[in-house]
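# Coordinate analysis (summary)
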Amino acid sequence: MKKNIIITVSAAALLAVSMPSCKKDFLDQKNPNAIDLAGSFRTPSDVLTAVNGIYQSLRSSNNIGENSGLWTDERSDDTGRNDNQSNAGEPFQFGNFSILPSNTYLKSHWVSLYGTISRANVVLSNIDKVTFSDAAQKQQYIAEAEFLRAVMYFQLIRTWGDVPLVTKQLTYGELPEATAREKQAVVYAQIVADLKDALNSNLPDLQSGASLGRTSKAAINATLGQVYLTMATTQDQAARTENLNNAKNYLLAAYNMRKFGALTSIPYTDVFDVAKKAANQEVIWQIVNKQGDPTYSSSIAANNQAKGENINSLAPQSGVGGNVTPDLIKEYETGDPRMAFSVKYANDPIVKDYFITKFRDTSPTASNLGYGGNDWILIRYADVILMLAEVSNYLGDTGGATTYLDMVRTRAGMPTYAVSLTNPAYAAKYTDLRMAILHERRVELAFEHHRWFDLLRTFNAQDLVIYFRAKSQADFGIPKLTNFTTKDIYFPIPFDEYKLNPEKMYQNPGYN
């Protein structure tokens, strides 16, 4: 028997967590604002149910899954929307750099991320109440909860900067802890601590079979590498070299856990092939979807499809689909097969534009309802390899950086970096190795929600403004590039959070 327990996430967020219990007196009738979960943690099976609930929360359209492009890709120069009317008004704010603290989509993202954190905190605060005959099993559940909490805080800190830091299940009287922003250095320290502790477990190097979608040591190492790389490029520069070396070590650890030889052994299109996903050795961590299932299927293939097209899905569409900026289309080099696979021009009279085709499921099981089986890939080896190129370049190892870069280019069927430099157009556009790596990440990982964070790592705030404003306005439609200022490296703190304690939940600069 299961009951839904409402627990406090922060002053702004309430989350339903499914936990097993058969007790009639489950709720504390004396204090309806505080709920005792101790009775729900009795067996290892109860803990597993709670851990599964953390993973389940990632499926929300407001979390980090396939529908999170609004606060990632649409914030970047890859995708966007030209509709700023009616219900599209609030989403349009993201790509137009005119987002308001009252934006309800922004608030929903904040609440969802803290909802996942709350679920992790419930597990970590109550797991010691359970007796385990297998100590390794207990450590595994702890590691999964710590990893997922760290991933959420990493998303929060890159999106908002200073954020509230809560690492335990809160009681009603402890709510003020959730209404005070903590400095980034402290939050990063917690992220690193959680990830390092999660490595000290018996988790497998990589997951397979029925365990796909759960975390692994490769996923933890890759995340630690990305965290250290982000710290090195966006935080206190006094620790830059140390953080870069740490990033390289953890990224290498993840890379060395791969179960394939050269990246060329895995065709690019196979990475996204629904029929081959169970044996996809490039994927490190994903959100698993079930083809044909109304609840657990993917909608990304159908949602991205433009009117008059059927390359993505059997589900007919009436709109423009997944919009792609002309700026991204111009980024692809001539003959890059990744372009032909990832985007297509829709000739329908109401579209006449490119749309996203990278995610496809035209199987009868997915049906004309668009219940696709596409897993949402969160980490894959090409991403790790290109981060290794990035780190190596920053450390002055241009040879190593070029080697990693060429792994990805060669798999894609593109010339090596050295050969590409003999092409005047390539050499003029990508004036140094740093920009060549950024370009490669853009075309290799397009629409996988990495681009915005890649830009934040590559440029400081002032340089990012220059980078955006140097682009052609015609390649972005009606969103105004001139709106972009240094304030836009972070989102505003949602108004409902800020107003609770304007002093401790201080607003980000430029949004007051």
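Residues numbered from 1 in each chain as written. Predicted model: local features only at pLDDT ≥ 70, side-chain atom pairs only at ≥ 80, totals over all residues. Heavy atoms only, no water.

Right, let's talk about the nonpolar core for a bit. In terms of nonpolar packing, the biggest core is built from 134 residues, with Ile 191 and Trp 285 touching the most fellow members. Considering each element in turn, this core owes the most residues, 14 residues, to helix α4 (residues 135-160). Discounting chain neighbours no more than four positions away, the residues touching Ile 191 are Ala 150, Tyr 153, Phe 154, Ile 157 and Val 227. (Core = buried A, V, L, I, M, F, W, Y, C linked by side-chain atoms within 4.5 Å. Buried < 20%, exposed > 50% of the residue type's maximum accessible area, 1.4 Å probe, protein only. Helix = DSSP H or I, 4+ residues; strand = E, 2+ residues; numbered from the N terminus. Contact = heavy atoms within 4.5 Å.)

The buried count for strand β6 (residues 376-380) comes to five of five residues, which makes it a mostly enclosed element. Bridge count between strand β3 (residues 283-287) and β6: four bridges; the pairing is antiparallel. Across the sheet, residue Val 283 finds its bridge partner in β6, namely Arg 380. (Pairing = 2+ DSSP bridges.)

As a further point, take the environment of Val 192. Along the chain, Val 192 turns up in helix α5 (residues 184-199). Counting along the chain gives 33 residues from Val 192 to Gly 225, while the straight-line C-alpha distance between them is 10.0 Å. Residues contacting Val 192, with those up to four places away along its chain left out, are Leu 224, Val 227, Tyr 228 and Met 231.

On to helix α7 (residues 240-255). With 16 residues, α7 ought to run about 22 Å at 1.5 Å a step, and its terminal C-alpha atoms sit 22 Å apart, in line with that. All of the buried residues in α7 are Asn 243, Leu 244, Ala 247, Tyr 250, Leu 251, Ala 254 and Tyr 255. One side of α7 carries all its buried residues, which in axial view fall inside an arc of 140°. Structural note: α7 exposes Thr 241 and Glu 242 on the side pointing more than 90 degrees away from its buried face. Each element contacted by the buried residues of α7 is listed here: α5, α6 (217-234), α11 (381-394) and α12 (398-412). (Expected span 1.5 Å × (residues − 1). Arc of directions from axis to C-beta.)

Attention shifts here to the layout of surface pockets. Of the volumes computed, that of the largest pocket is approximately 910 Å³. What lines the largest pocket is a set of 35 residues, and nearest its centre among them are Glu 74, Arg 81, Asn 304, Gly 321 and Gly 322. Of all elements in the fold, only α8 (300-304) and β5 (353-356) reach the threshold of two or more residues within the lining of the largest pocket. Volume-wise, the second largest pocket comes out at about 510 Å³. Along the walls of the second largest pocket sit 18 residues, with Tyr 55, Gln 56, Arg 59, Leu 212 and Val 288 positioned nearest its centre. Class assignment of the residues belonging to the lining of the second largest pocket gives a composition of nine nonpolar, six polar and three charged. (1 Å grid on protein atoms, 1.4 Å probe; cavity = no way out; pocket = protein on both sides within 12 Å on 5 of 7 lines; lining within 4 Å. Points joined across faces, edges and corners; volume = space filled by probe spheres on them. Nonpolar A, V, L, I, M, F, W, Y, C, P; charged D, E, K, R; others polar.)

Overall, the coordinates contain three cavities of 30 Å³ or more when judged by the stated rule. In this structure, the largest cavity occupies an estimated 340 Å³ of space. Residue assignment for the lining of the largest cavity shows that the elements contributing at least two residues are α4, α6, β6 and α16 (451-458). By residue class, the composition of the lining of the largest cavity is nine nonpolar, seven polar and five charged. The computed volume of the second largest cavity comes to approximately 140 Å³. Taken together, 13 residues make up the lining of the second largest cavity; nearest its centre are Val 271, Phe 272, Lys 277, Asp 375 and Ile 377. Here the residues of the lining of the second largest cavity sort into six nonpolar, four polar and three charged.

Moving on: the packing of aromatic side chains. Taken as a whole and judged by the stated rule, the model has 25 aromatic pairs. An angle of 50° between the planes, with centres 5.2 Å apart, marks the rings of Trp 110 and Tyr 114 as tilted. Linking Trp 110 with Tyr 114, this pair stays in helix α3 (residues 104-126), spanning four residues, or about one helical turn. Of the two residues, Trp 110 and Tyr 114, neither departs from the other in class, the shared state being buried. (Phe/Tyr/Trp six-rings, centres within 6.5 Å; stacked < 30°, edge-to-face > 60°.)

With 23 residues, α3 should reach 33 Å at 1.5 Å per residue; the first-to-last C-alpha distance of 33 Å fits that figure. Most of α3 is tucked away, with 19 of its 23 residues classed as buried. Among the residues of α3, the N-terminal cap falls to Asn 103, whose side-chain oxygen and the backbone nitrogen of Tyr 105 are separated by 2.9 Å. (Polar contact = N/O pair within 3.5 Å; in protein donor to acceptor, adjacent residues only side chain to side chain.)

Before going further, it helps to examine the side chain of Ser 201. Looking at where Ser 201 falls in the secondary structure, it is placed in the loop between α5 and α6. Exposure remark for Ser 201: the relative accessible area of 11% places this residue in the buried category. For Ser 201, the residues in contact, after removing those within four places along its chain, are Gln 139, Ala 143 and Lys 217.

This part covers the pattern of salt bridges. Following the criterion strictly, the structure yields 37 salt bridges and no others. A salt bridge links Asp 77 to Arg 442, with the shortest nitrogen-to-oxygen separation between them at 3.5 Å. Of this pair, Asp 77 sits in the loop between α1 (44-57) and α2 (89-95) while Arg 442 is found in helix α15 (residues 433-444), placing the two residues 365 residues apart along the sequence. Relative accessible area serves as the criterion here: at 0%, Asp 77 is assigned to the buried category. Several salt bridges share partner residues, and in doing so they unite Glu 282, Glu 333, Asp 336, Arg 338, Lys 358, Arg 380, Arg 409, Arg 411, Glu 440, Glu 444 and Glu 448 into one network. (Salt bridge = Lys/Arg side-chain N within 4 Å of Asp/Glu carboxyl O.)

Moving on: the side chain of Asn 508. Summarising the element assignment, Asn 508 is placed in the segment after α18 (495-498). Given the relative accessible area of 7%, Asn 508 is considered buried. A polar atom in the side chain of Asn 508 sits 2.8 Å from the side chain of Arg 181. Ignoring any residue separated from it by four or fewer positions in sequence, one finds Asn 508 in contact with Trp 160, Arg 181, Tyr 490, Phe 491, Pro 492 and Ile 493.

For the pair α3 and α4, the least separation of the axes is 9 Å and the interaxial angle reads 155°. The angle between the axes of α3 and α4 places the two elements in the roughly antiparallel class. Handedness of the α3/α4 crossing: left-handed. Between α3 and α4, the residues in contact are Leu 106, His 109, Trp 110, Leu 113, Tyr 114, Thr 116, Ile 117, Ala 120, Asn 121, Val 123 and Leu 124 and Ile 142, Ala 145, Glu 146, Arg 149, Met 152, Tyr 153, Gln 155, Leu 156 and Trp 160, respectively. Partitioned by chemical class, the residues of the contact of α3 with α4 number 14 nonpolar, four polar and two charged. (Axes fitted to C-alpha atoms, helices over the stretch in contact; angles between N-to-C directions. Parallel < 35°, antiparallel > 145°, perpendicular 65-115°, else oblique. Left-handed = near helix turned anticlockwise from the far one by under 90°.)

The next thing to look at is the confidence of the model for the protein chain. Confidence in the prediction of the protein chain, expressed as mean pLDDT, is 92, and 91% of residues score 70 or more. When the criterion is pLDDT under 50, residues 1-34 qualifies, and its contacts beyond four places in sequence or with other chains add up to 86 contacts. (pLDDT = per-residue confidence, 0-100.)

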